[in-house]
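Spelled out from the first residue to the last, the chains are:
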Amino acid sequence: MKQRKIGIIGGGASGMAAAITAARQGALVTILEGNDRIGKKLLATGNGRCNLGNLELSADCYYGEDVVFVMDRLTQFNTQDTISFFQGLGLMIKNKGGYLYPACEQASAVLDVLRMEIKELGIEVKLQCRVCRIYRKEDLIVVSDGKIEYAFDRVILACGGKAAKNTGSDGSGYELAKQLGHSLIPTVPALVQLRCKEDYFKSIAGVRADACITLEREGREPVRERGELQLTDYGISGIPVFQLSRIVGRQLMQQKEVTIHINFLPDYDEEGLKQLYAVRNALEGDKTMEEFFTGMLHKKIMLLFIRLAGLKAGTPVREAAKDAIWKVFSLCRDFTVTVTASNPYENAQVCAGGVPTGEVTKELESRKASGVYFAGELLDVDGKCGGYNLQWAWCSGYLAGMAAAK
Ligand SMILES: Cc1cc2nc3c(=O)[nH]c(=O)nc-3n(C[C@H](O)[C@H](O)[C@H](O)COP(=O)(O)OP(=O)(O)OC[C@H]3O[C@@H](n4cnc5c(N)ncnc54)[C@H](O)[C@@H]3O)c2cc1C
């Protein structure tokens, strides 16, 4: 029987998983990659350590118009399958509280084992080949980089979204999908820092603090995230901010005013705060405002809150109005900032939105162009921080590779 020729557009996480899977099924596989190397983004993941999956895999870790579709796919290739896949390639895996990393904590090792398997399976890799055109010609699917045309029996689009363009995902996959008649769920940057309106951020830049942040949503339950908040000279960053950023991105897109409440004392309720006030009051002595609040939160934050409460750092506590002092305490539990924008796609880890999952079959085949499959972030699927995006890349790559080779 004639060997099936499969072209994979994009040699990122999902493209490499698809290529290996299809080649193991006996297909003749070619990866067409726009960069001068495959897997460039993978090297940057997890701060160079690559958080390649997570033992906790549930629907609230994913976003997109149809999370049920995503979860159904993930039951076909789950975290255990990711572990087996990589262990089968010789990679030792470390479990850090459910977050999975290569044991050597080097993202390059993940890329190396994938590259070795690609070589071992005889998969052809064409580099510096940025595909800009795709169309059907009788039984074949033809792709072109503007210079050379390649014809395949099946094609898997694994071009990523448009986050971190310097790693190769420049959004051209969306254009290819459109050429085939697909629509697009508008994209927004996700897992990204947020820019804020207030002019005092320069004075608190560099501070890191354990905080709970809450995002209000019109007519819906607010969303909360807790973790290490990072304050920058333009706004807020850190894992809890990243987790909320895709929802914020959607709100900003709808021209909504976005406010985030920051609680720097997440272990204190209102009553606890009153007790804290009473205890510190007893220590008042001859202290100035700055001295009185020393040791509660980071000094830069306390100085800002003293100022926002209309007080001066050098004012003796006994001369300060009690309600102004209480205001400082209150700000520690509810500091409200106004978000004006997300940082751009260049700074984002992922891209929310993309090709609607309703436009592909359960096997990730296009409903608009048979023989074309989708994998990875190009689809309208994005996950929280914690290995969920790579888990989707491995899973969708595997499923598309299996189906295309079938
Ligand atoms: C800094 C950073 C850290 C991250 N850390 C983590 C983490 O620790 N854990 C986690 O789960 N996720 C992480 N992510 C997200 C994760 O890397 C992505 O979700 C995942 O790589 C998406 O895989 P993909 O195959 O869909 O796309 P990509 O990995 O982006 O690969 C797409 C590939 O297609 C190529 N390409 C694009 N268009 C064309 C074209 N027209 N022709 C030819 N080639 C093309 C690109 O050059 C690229 O190589 C991180 C992302 C970033 C930016």
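Residues numbered from 1 in each chain as written. Predicted model: local features only at pLDDT ≥ 70, side-chain atom pairs only at ≥ 80, totals over all residues. Heavy atoms only, no water.

(A) Representation of the sheet that holds strand S10 (residues 149-152). Strand order in the open sheet formed by three strands is S8-S9-S10, and the pairing between neighbours is antiparallel. Of all the strands in the sheet, just strand S8 (133-137) and S10 have a single pairing partner and so form its edges. Sheet twist, expressed as the mean angle between neighbouring strand axes with direction ignored, is 25°. (Pairing = 2+ DSSP bridges. Helix = DSSP H or I, 4+ residues; strand = E, 2+ residues; numbered from the N terminus. Axes fitted to C-alpha atoms, helices over the stretch in contact; angles between N-to-C directions.)

(B) Quick peek at the sheet that holds strand S15 (residues 220-231). The strand order around the closed barrel built from six strands is S13-S16-S15-S14-S17-S18, with neighbouring strands paired in antiparallel fashion. Direction aside, neighbouring strands of the sheet carry axes that sit 45° apart on average. Across nine bridges, strand S14 (residues 208-217) lies against S15 in antiparallel orientation. Bridge assignment links Arg217 to a residue of S15, and that residue is Arg220. Strand contacts of helix H8 (residues 239-253): strand S13 (194-196), S14, S15, strand S16 (235-237), strand S17 (258-263) and strand S18 (335-342), with the helix running at about 135° to S15, the strand carrying the most contacts. (Contact = heavy atoms within 4.5 Å.)

(C) Spotlight on the site of the ligand. The full set close to the ligand counts 36 residues, and Ser14, Glu33, Lys41, Glu377 and Leu390 are the nearest of them. A distance of 3.0 Å separates a nitrogen atom of the ligand from a polar backbone atom of Gly34. Note that a nitrogen atom of the ligand is positioned 2.9 Å from one of the backbone N or O atoms of Val131. When isolated, the ligand has an accessible area of 1,000 Å², and the protein chains bury 94% of it. (Near = heavy atom within 4 Å. Polar contact = N/O pair within 3.5 Å; in protein donor to acceptor, adjacent residues only side chain to side chain. Areas by Shrake-Rupley, 256 points an atom, 1.4 Å probe, with all protein chains shown as cover.)

(D) Quick peek at the pairing of strand S5 (residues 93-96). Bridge count for S5 against strand S6 (residues 99-102) is four bridges, and the pairing is antiparallel. Residue pairing for S6: Asn95 is matched across the bridge by Leu100.

(E) Examining the environment of Leu229 more closely. One can find Leu229 in strand S15. In the structure, Leu229 is positioned 158 residues away from Met71 in sequence and 29 Å away in space, judged by C-alpha atoms. Setting aside anything within four residues of it in sequence, one finds Leu229 in contact with Val207, Arg208, Ala209, Ala211, Ile213, Ile236, Ser237, Pro240, Val241, Ile262 and Phe264.

(F) Looking closely at unusual backbone geometry. Residues other than glycine seldom take positive phi values, yet Asn47 does so here, at roughly 55°. Backbone geometry places Glu105, a non-glycine residue, at a positive phi of 55°. Residue position: Glu105 is located in the loop between S6 and helix H5 (107-120).

(G) Molecular detail of helix H11 (residues 299-308). The complete set of buried residues in H11 reads Ile301, Met302, Leu304, Phe305 and Ile306. For H11, the elements touching its buried residues are helix H7 (201-204), S15, helix H10 (289-292), helix H12 (322-333) and S18. (Buried < 20%, exposed > 50% of the residue type's maximum accessible area, 1.4 Å probe, protein only.)

(H) Looking closely at the packing of helix H1 (residues 13-24) against helix H13 (residues 388-405). For the pair H1 and H13, the least separation of the axes is 7 Å and the interaxial angle reads 35°. Crossing geometry of H1 relative to H13 is assigned as right-handed. Residues Ala13, Ser14, Ala17, Ala18, Thr21 and Ala22 of H1 touch H13, and the partners they reach there are Leu390, Ala393, Trp394, Ser396, Gly397, Tyr398, Gly401, Met402 and Ala405. Of the residues contributing to the contact of H1 with H13, the split by class is 10 nonpolar, five polar and no charged. (Left-handed = near helix turned anticlockwise from the far one by under 90°. Nonpolar A, V, L, I, M, F, W, Y, C, P; charged D, E, K, R; others polar.)

(I) Spotlight on the pairing of S14. Of all 10 residues that make up S14, seven are buried, and the element is covered over most of its length. The hairpin formed by S14 and S15 contains two residues between the paired strands, and Gly219 there has a positive phi angle of roughly 70°. Of the strand pairs in this sheet, S14 and S17 are connected by four bridges, and their pairing is antiparallel. By the bridge assignment for S17, Cys212 is matched with Asn263.

(J) Just the state of the cysteines, in detail. Using the criterion set out here, one finds zero disulfides in the structure. The cysteine Cys212 is free of any disulfide, with Cys332 supplying the nearest cysteine sulfur at 15 Å. Given a relative accessible area of 15%, Cys212 falls into the buried group. (Disulfide = S-S within 2.5 Å.)

(K) Structural context of H12. An ideal rise of 1.5 Å per residue puts 16 Å on 12 residues; H12 measures up with 17 Å between its terminal C-alpha atoms. Regarding H12, the residues found buried are Ala324, Ile325, Val328, Phe329, Leu331 and Cys332. Down the axis of H12, the buried set is contained in an arc of 160°. They therefore lie on one face. Looking at the buried positions of H12, the neighbouring elements they touch are S17, helix H9 (270-282), H10, H11 and S18. (Expected span 1.5 Å × (residues − 1). Arc of directions from axis to C-beta.)

(L) Inspection of the environment of Glu228 at higher detail. The topology assignment puts Glu228 in strand S15. Each C-alpha atom, one on Glu228 and one on Gln255, is 28 Å from the other, the two residues being 27 residues apart in sequence. Contact partners of Glu228, with chain neighbours within four places excluded, come to Arg208, Ala209, Ser237, Gly238, Ile239 and Pro240. A distance of 3.1 Å separates the side chain of Glu228 from the side chain of Arg208, its partner in a polar contact.

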